[in-house]
Amino acid sequence: MFLRWAFGFSSAFLFAFPALAQSARIENFTYAGSGCPVGSAAGVITPDQKALTVIFDQFEAHTGPGTARAANRAFCQLAVDLRFDPGWQVAVFDATYRGFADLEGGVQGNHETSYYFSGSPLTSGPLRWSMIGPFTSDFSRTDTFTTTVWSECGTVRPLNIKTSLYVTNRLAPANSGVLTNDTTDLQVRMEYGLMFRPCPGP
């Protein structure tokens, strides 16, 4: 049933800046997690520092007879260093994911993401999406935020994005499934729209 996948996962941050926020940029990023161990990801920041592409090669979750129980979960957390005038605030307003799932009957796949700024108790998410097999196809999902989480005024801290995959065959123990963020011939894009607003005056 399963092929060996070469996984690709990209994050494109798309900015629409007010005039006073033209200096906003992506400076760097780090990653960690069971789906992205050290050395398993590579990233490129565009020359204008307005977009970041990250490619992962081990981001998958799978389940089935003979599969280790721990293999049914995987996560990756990105910490993206942003730089902009501390007199402004930034928030995520759009995020779209595309990937691939191969789930036999009764097997469930779950995709979950949370967004927050370092040091802030506020979080957008977790935002969840799931599917139940039989399902063998590419998928696309877009996060819709019911709560807008803004960065703090007067400081610039990393934007954290934690994405988790979970696959379970609890309802069909004899069946198998895999959920990934890419297949061998499809590059996943995760696009973020960032919006800005000025901090309130004294």
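Everything discussed here concerns the structure shown above.
Quick caveat, the model's predicted, so the values are computed rather than measured. (Residues numbered from 1 in each chain as written. Predicted model: local features only at pLDDT ≥ 70, side-chain atom pairs only at ≥ 80, totals over all residues. Heavy atoms only, no water.)

1. Topic: the overall build of the protein
Basically, it comes down to this: Secondary structure elements follow DSSP: runs of H or I no shorter than four residues count as helices, runs of E no shorter than two count as strands, and numbering proceeds from the N terminus. We call two residues contacting when some pair of their heavy atoms lies within 4.5 Å. Where accessible areas are quoted, they stem from the Shrake-Rupley method and a 1.4 Å probe; at the residue level, only the protein chains shown are allowed to cover.
Per the secondary structure count, the protein includes zero helices and 13 strands. Its helices and strands taken in sequence order, the protein reads β-β-β-β-β-β-β-β-β-β-β-β-β from the N to the C terminus. For the protein, the proportion of contacts with a sequence separation of at least 24, taken over those separated by at least 6, is 79%. For the protein, the exposed surface amounts to about 9,700 Å²; the carbon and sulfur share of it is 53%.

2. Details of the pattern of salt bridges
The test is simple: Every case where a carboxyl oxygen of Asp or Glu lies within 4 Å of a side-chain nitrogen of Lys or Arg is listed as a salt bridge. Throughout this description, buried means an accessible area under 20% of the type-specific maximum (1.4 Å probe, protein chains only), exposed means over 50%, and partly exposed covers the range between.
Under the counting rule described, the total for this entry stands at three salt bridges. Taking the shortest distance from any N to any O, the salt bridge between Arg83 and Glu27 comes out at 3.3 Å. With a gap of 56 residues between them, Arg83 in strand S6 (residues 73-83) and Glu27 in strand S2 (residues 25-32) connect regions that are remote in the sequence. Taking relative accessible area as the criterion, Arg83 reaches 32% and is therefore assigned partly exposed.

3. Topic: the nonpolar core
Our working rule: Definition of nonpolar core: a set of buried residues of the types Ala, Val, Leu, Ile, Met, Phe, Trp, Tyr and Cys, connected through side-chain atoms within 4.5 Å.
Ranked by internal contacts, the top residues of the largest apolar core, which has 34 residues, are Phe56, Val80, Leu82, Tyr115 and Leu179. At the level of secondary structure, the elements contributing two or more residues to this core comprise S2, strand S4 (52-56), S6, strand S7 (88-103), strand S8 (108-117), strand S9 (124-132) and strand S11 (159-168). For this core, the leading source of residues is S7, giving six residues.

4. Concerning the environment of Thr144
When you line up the elements, Thr144 lands in the loop between strand S10 (135-143) and S11. Here Thr144 falls in the exposed class, since its relative accessible area comes to 62%. Spatially, the C-alpha atom of Thr144 lies 7.7 Å from that of Ala95, the residues being 49 residues apart in sequence.

5. Concerning the environment of Met131
Mapped onto the fold, Met131 is located in strand S9. It is 5.7 Å that separates the C-alpha atoms of Met131 and Gln108, two residues lying 23 residues apart in sequence. Apart from the residues lying within four places of it in its own chain, the contact partners of Met131 are Ala101, Leu103, Val107, Gln108, Gly109, Phe139 and Leu179.

6. What to know about the pairing of S11
Along a regular strand, successive side chains alternate from one face of the sheet to the other. The condition is simple: If DSSP finds at least two bridges between two strands, the strands pair.
With eight of 10 residues buried, S11 lies mostly within the body of the structure. By the bridge criterion, eight bridges tie S6 to S11 in an arrangement that is antiparallel. Each residue of the ladder has a partner; that of Ala79, found in S11, is Asn160. Bridge analysis of S8 against S11 gives 10 bridges, and the strand direction is antiparallel. Bridge pairing links Tyr116 to Asn160 in S11.

7. Considering the environment of Pro121
Mapped onto the secondary structure, Pro121 falls in the loop between S8 and S9. On the accessibility criterion, Pro121 (77% relative accessible area) is exposed. Residues Pro121 and Val149 lie 28 residues apart in sequence; the distance between their C-alpha atoms is 9.8 Å.

8. Here's the deal with the packing of aromatic side chains
Under the convention used in this document: Geometry of aromatic contacts follows a simple scheme: Phe, Tyr and Trp rings, the Trp one being its six-membered ring, pair when their centres are within 6.5 Å, and the pair is stacked under 30 degrees between planes, edge-to-face over 60, tilted otherwise. For a ring to carry a charge above it, either NZ of a lysine or CZ of an arginine must fall within 6 Å of the ring centroid while also lying within 35 degrees of the normal to the ring plane.
As enumerated under the stated definition, the model contains two aromatic pairs in all. With a centroid separation of 6.3 Å and an interplanar angle of 25 degrees, the aromatic rings of Phe29 and Tyr31 are classed as stacked. The interplanar angle of 25 degrees and the centroid separation of 4.7 Å between the aromatic rings of Trp129 and Phe139 together place this pair among those described as stacked. In this pair, Trp129 sits in strand S9 while Phe139 sits in strand S10, placing the two residues 10 residues apart along the sequence. The exposure class assigned to Trp129 is partly exposed, which follows from its relative accessible area of 25%. Above the ring of Tyr166, the side-chain terminus of Arg73 is found at 4.0 Å from the ring centroid. The ring of Phe75 has Lys162 sitting right over it, with the charged end atom 4.8 Å from the ring centre.

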